[in-house]
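In case you want the letters, here they are:
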Amino acid sequence: MLADLSPLIAATARWLSGAFPAHGGAFAAARCEAQVRQAVTVAAWLRYPTALDAGLVGVVGPGGSARLDWVTGGDASDDADDAWRSWVDEVVASWAAELLCEPELARLAVRALADGEHLGGGSVDFRRLLLPDGDDRRAAALLRHPDLLAPVARLHAAQLHQRLTPDDTPART
């Protein structure tokens with residue numbers, strides 16, 4: 001049984017949705033949430049590809065939203081209602097932001113999941129991430145805007161690119 005990443009995925013998606021909110025009402029918010037949830041799921045599964053990885057992050061915790069709040073100029077609260085912020089994973093948020101801005105990178109990321117433990121031989125439809133329609137794009141205008149997402153996306157973009165780009169460097173003997 002794969003360790004449960006759902007608290008990390010939910011908290012990180014909530015943070016991204018709050019930092020880059022939907023435009024256009026409840027229906028737009030639902031469309032935006034679907035896109036961010038899919039991007040965060042892909043990023044989390046890439047970051048924690050095995051049951052051991054997922055189990056370890058469940059024990060030690062992902063780190064929280066403090067740096068992300070600082071980078072985006074957000075106002076983190078110390079209220080007990082904000083305990084979910086401790087489950088935000090900065091690297092996953094950064095990777096998800098990059099996936100939302102770079103369609104080709106998102107396709108590579110979803111393809112990279114095919115051999116992982118999370119899919120267990122099945123498949124998951126990441127259509128909202130990979131093929132957003134016009135309504136999706138309008139709803140998530142802030143969430144998919146490369147300039148607005150840049151401060152978050154560039155935090156760990158190099159790691160994501162390294163993870164998704166095969167090393168073509170010949171081995172030296």
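Up top is the structure.
Residues numbered from 1 in each chain as written. Predicted model: local features only at pLDDT ≥ 70, side-chain atom pairs only at ≥ 80, totals over all residues. Heavy atoms only, no water.

Enquirer: Explanation requested: the packing of helix α2 (residues 26-47) against helix α5 (residues 90-101) in the structure shown.
Expert: Between two packed helices, the angle of one axis relative to the other and the distance separating the axes together describe the packing. Viewed as axis vectors pointing N to C, α2 and α5 meet at an angle of 125 degrees, and their least axial separation amounts to 8 Å. One way to sum up the angle between α2 and α5 is to call them oblique. Handedness of the crossing formed by α2 with α5: right-handed. Counted together, Gln-35, Ala-39, Val-40, Val-42, Ala-43, Ala-44, Leu-46 and Arg-47 of α2 and Val-91, Val-92, Trp-95, Ala-96, Leu-99 and Leu-100 of α5 form the full contact between these two elements. Per-class residue counts for the contact of α2 with α5 are 12 nonpolar, 1 polar and 1 charged. (Axes fitted to C-alpha atoms, helices over the stretch in contact; angles between N-to-C directions. Helix = DSSP H or I, 4+ residues; strand = E, 2+ residues; numbered from the N terminus. Parallel < 35°, antiparallel > 145°, perpendicular 65-115°, else oblique. Left-handed = near helix turned anticlockwise from the far one by under 90°. Contact = heavy atoms within 4.5 Å. Nonpolar A, V, L, I, M, F, W, Y, C, P; charged D, E, K, R; others polar.)

Enquirer: Sorry, what's going on with helix α6 (residues 103-112) here?
Expert: It helps to recall that an α-helix has 3.6 residues per turn; residues three or four apart then point in one direction. Considered for burial, the residues of α6 that qualify are Leu-105, Ala-106, Ala-109 and Val-110. Projection of α6 onto a plane perpendicular to its axis shows the buried side chains occupying an angular sector of 135 degrees, all on one side. Of the surrounding secondary structure, the elements contacted by the buried residues of α6 are α2, α5, α7 (127-130) and α10 (157-164). (Buried < 20%, exposed > 50% of the residue type's maximum accessible area, 1.4 Å probe, protein only. Arc of directions from axis to C-beta.)

Enquirer: I keep staring at the environment of Leu-160 and nothing clicks. Help me out?
Expert: Topologically, Leu-160 is positioned in helix α10. Separated by 113 residues in sequence, Leu-160 and Arg-47 have C-alpha atoms that sit 8.7 Å apart.

Enquirer: Quick question: what am I supposed to make of α10 here?
Expert: Considered for burial, the residues of α10 that qualify are Ala-157, Leu-160 and Leu-164. All buried residues of α10 lie within an arc of 60 degrees about the axis, which places them on one face of the element. Relative to its buried face, α10 has exposed residues pointing more than 90 degrees away, namely Ala-158 and Gln-162. Residues of α10 that are buried make contact with α2, α5, α6 and α9 (146-153).

Enquirer: Would you mind showing me how to read the pattern of salt bridges here?
Expert: When the charged atoms of two side chains with opposite charge come close together, those side chains can pair. Applying the stated criterion across every chain, the model contains 11 salt bridges. Across the salt bridge formed by Asp-133 and Arg-31, the nearest N and O atoms sit 3.2 Å from each other. Linking Asp-133 in the loop between α7 and α8 (134-139) with Arg-31 in helix α2, this pair joins segments that are 102 residues apart in sequence. On the basis of relative accessibility, which here comes to 12%, the residue Arg-31 falls in the buried class. As a salt-bridge pair, Asp-136 and Arg-31 come within 2.5 Å of each other at their nearest N and O atoms. Of this pair, Asp-136 sits in helix α8 while Arg-31 sits in helix α2, and the two are 105 residues apart along the sequence. Of the two residues, Asp-136 and Arg-31, both sit in the buried class. Taken together, the shared-partner salt bridges in this structure form one network comprising Arg-31, Arg-128, Asp-133, Asp-135, Asp-136 and Arg-138. (Salt bridge = Lys/Arg side-chain N within 4 Å of Asp/Glu carboxyl O.)

Enquirer: Got a minute to help me understand the nonpolar core in this structure?
Expert: Nonpolar side chains tend to gather and get buried jointly when the protein is soluble and globular. Ranked by internal contacts, the top residues of the largest apolar core, which has 47 residues, are Leu-16, Val-42 and Leu-99. For this core, the secondary structure elements donating two or more residues are α1 (6-19), α2, α3 (51-60), α5, α6, α9 and α10. If we skip the residues at most four places from it in the chain, Leu-99 touches Ala-39, Val-42, Ala-43, Leu-105, Ala-106, Ala-109, Leu-129 and Leu-160. (Core = buried A, V, L, I, M, F, W, Y, C linked by side-chain atoms within 4.5 Å.)

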